[in-house]
Amino acid sequence: MKRPVRIAITGAAGSISHSLLFKIATGEMIGQDQPVILQLIEMPQAMEPLRGIAMELEDCAFPLLHSISLHDNFEEGVVGAHYVLLIGAKPRGPGMERSELIATNAPIFAHQGQAINKLANRDVKVLVVGNPANTNALIASRNAPDLSPAQFTALTRLDHNRTRGIMANHTGANPKDIRRVTVWGNHSSTQFPDLHHATIYGEPALPQIDQDWYRDTFIEKIQKRGSAIIDARGHSSAASAAQAIINHMHDWINGTPENDWVSMGIVSDGSYGIEKGIIYSFPVRCDYGRYQIVQGLEISEFAREKMTLSEQELLTEMETVKDLLPKETGESH
Ligand code: NAD
Ligand code: LMR
């Protein structure tokens, strides 16, 4: 049996975590042979409901759940963590853009980046979910100067999954037969769900669908899916976000399938002309716990315009939070 790994999770009594924690404990995130220690972190006022969730986890008698610890202090909760899921943050309400959460949520991630830098395992893998996820991941990474920026990622897998799920429903194909979709850019309404390289049953996807529908309806549907869910449900996506977190971490740790790739918010190395250093969603392949940007994809003028729009939005968000970004010290930042 393997030694247990430590997973620190903020917002552990929130809506996303309510679906997520039980999936992690069954082995869906890392693997069926990997015991886990859950280090659950919450605000002091949410510790009582968190205790209830811990009781429920215990009552499931999950073989892979080695132990659980509860923390109302991030520093204590992140000690030795191999994986850190930063979910704890305010969600947006109806009629809001995610960037309107910057003033409330961004400062959380500067403090957490510093603590991860000091206290987490040196090989830690960090996923930022709290919105605006890309910019929060940038803040956390820049405040962790002893770790590689490549260790900090933002969740855009939900957008990737939405692209496949909605395409599958539209075409009648199974989602598993829709491959090589890419979501470029920010986890916001400027993101670009790109089908130019996608395949359905191994054949190019675009010739199989109506071009006007793709350009005028589909793209906006994916961009605004988060708002549509908030309007319908009165709260932002939770179960689908939990599923996307499982998929993102699983593939980062265990690798992506042959003949496919996934979308992850990662630090830009300048690929596809995107400004170096921002956290931007790219197509990536993962192997042996690392990811690499898929290179050499042809970018049409239509795609370039949309990719640039999202890049510009991220640069504007970066300017807004510049006081939370310590000066760069290393080449790789
Ligand atoms: P929620 O309000 O149900 O739960 C958030 C929890 O975080 C609360 O229990 C709160 O007490 C806790 N929290 C707040 N600040 C904290 C801190 N500093 N440390 C520890 N815990 C803290 O919200 P939710 O629905 O679980 O969503 C959480 C965040 O995830 C929101 O910002 C939401 O917009 C975002 N989100 C992102 C994606 C994505 O794809 N990137 C998808 C869905 C939701
Ligand atoms: C989503 O995409 O569902 C989340 O980011 C929540 C939101 O605010 O839309």
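Quick caveat, the model's predicted, so the values are computed rather than measured. (Residues numbered from 1 in each chain as written. Chains lettered and ligands numbered in written order. Predicted model: local features only at pLDDT ≥ 70, side-chain atom pairs only at ≥ 80, totals over all residues.)

## Observations concerning the overall build of the protein chain
Then, in step 1: When helices and strands are tallied, the protein chain shows 10 helices and 14 strands.
Then, in step 2: Here the protein chain has a C-alpha radius of gyration of 19 Å; the compact-globule value for 333 residues is 20 Å, and the two agree.
Then, in step 3: When the 333 residues of the protein chain are sorted by exposure, 44% land in the buried category.
Then, in step 4: Considering only contacts within the protein chain whose residues lie at least 6 apart along the sequence, 73% involve residues at least 24 apart. (Helix = DSSP H or I, 4+ residues; strand = E, 2+ residues; numbered from the N terminus. Rg over C-alpha atoms; globule rule 2.2 N^0.38 Å. Buried ≥ 20, exposed ≤ 12 C-beta atoms within 10 Å, placed from the backbone. Contact = placed C-beta atoms within 7 Å.)

## Description of the UniProt feature "binding site: NAD(+)" (unreviewed entry) in the protein chain
Then, in step 1: With numbering aligned to this structure, UniProt lists the feature "binding site: NAD(+)" (unreviewed entry) at Gly 11, Ala 12, Ala 13, Gly 14, Ser 15, Ile 16, Ser 17, Asn 105, Gln 112, Val 129, Gly 130 and Asn 131.
Then, in step 2: If you trace the backbone, Ser 15 turns up in helix α1 (residues 15–25).
Then, in step 3: Here Ser 15 falls in the partly exposed class, since 18 other C-beta atoms lie within 10 Å of it.
Then, in step 4: Among all residues touching Ser 15, those that are not within four sequence positions of it are His 235 and Ala 238.
Then, in step 5: What makes Asn 105 buried here is the crowd of 22 C-beta atoms within 10 Å.
Then, in step 6: The contact partners of Asn 105, leaving out residues within four places of it in the chain, are Ala 89, Lys 90, Gly 130, Asn 131 and Asn 136. (UniProt positions renumbered as here; feature names shortened; annotations may be inferred.)

## Describing the site of ligand 1
Then, in step 1: Around ligand 1 sit 28 residues, and of these Gly 11, Gly 14, Ser 15, Gly 88 and Ala 241 come closest.
Then, in step 2: Classifying every residue of the shell around ligand 1 gives 15 nonpolar, 10 polar and 3 charged.
Then, in step 3: When residues of the shell around ligand 1 are assigned to domains, at least three fall in each of domain 1 (5–154) and domain 2 (157–318). (Near = placed C-beta within 6 Å. Nonpolar A, V, L, I, M, F, W, Y, C, P; charged D, E, K, R; others polar. Domains from an automatic or database assignment.)

## Focus on the site of ligand 2
Then, in step 1: Taken together, Pro 91, Arg 92, Arg 98, Asn 131, Leu 158, Gly 226, Ile 229, Ser 236 and Ser 237 make up the full set of residues near ligand 2.
Then, in step 2: Each of domain 1 (5–154) and domain 2 (157–318) gives at least three residues to the shell around ligand 2.

## Details of the nonpolar core
Then, in step 1: Ranked by size, the top nonpolar core spans 77 residues in total, and within it Val 84, Leu 85, Leu 86, Val 128, Val 129, Ala 140 and Ile 245 carry the most contacts.
Then, in step 2: The dominant element in this core, judged by the number of residues it contributes, is helix α9 (residues 239–254), at 6 residues.
Then, in step 3: When residues are assigned to domains, this core turns out to be shared by domain 1 (5–154) and domain 2 (157–318), each giving three or more.
Then, in step 4: In this view, Leu 85 contacts Ile 7, Ile 9, Leu 127, Val 129 and Ile 245; residues no more than four positions away in its chain are not counted.
Then, in step 5: Grouped together as the second largest cluster of nonpolar side chains are 7 residues, Ile 178, Val 181, Leu 195 and Ala 198 included. (Core = buried A, V, L, I, M, F, W, Y, C linked by C-beta atoms within 7 Å.)

## What about the UniProt feature "domain: Lactate/malate dehydrogenase N-terminal" (unreviewed entry) in the protein chain?
Then, in step 1: As annotated in UniProt, the feature "domain: Lactate/malate dehydrogenase N-terminal" (unreviewed entry) corresponds to residues 5–145 in the numbering used here.
Then, in step 2: The straight-line gap between the two end C-alpha atoms of residues 5–145 is 24 Å; of that span, 40% is helix and 19% is strand.

## Focus: the domain arrangement of the protein chain
Size of an interface: often given as the accessible area lost when the parts come together.
Then, in step 1: Assigned domains within the protein chain: domain 1 (5–154) and domain 2 (157–318).
Then, in step 2: On a C-alpha basis, the centroid separation for the pair domain 1 and domain 2 is 23 Å.
Then, in step 3: Each partner contributes to the interface: domain 1 provides 34 residues, whereas domain 2 provides 30 residues.
Then, in step 4: Residue assignment for the side of domain 1 that touches domain 2 shows that the elements contributing at least two residues are α1, β4 (83–86), β5 (125–128), α5 (133–142) and β6 (152–154).
Then, in step 5: Looking at the side of domain 1 that touches domain 2 residue by residue, the class counts come to 18 nonpolar, 10 polar and 6 charged.

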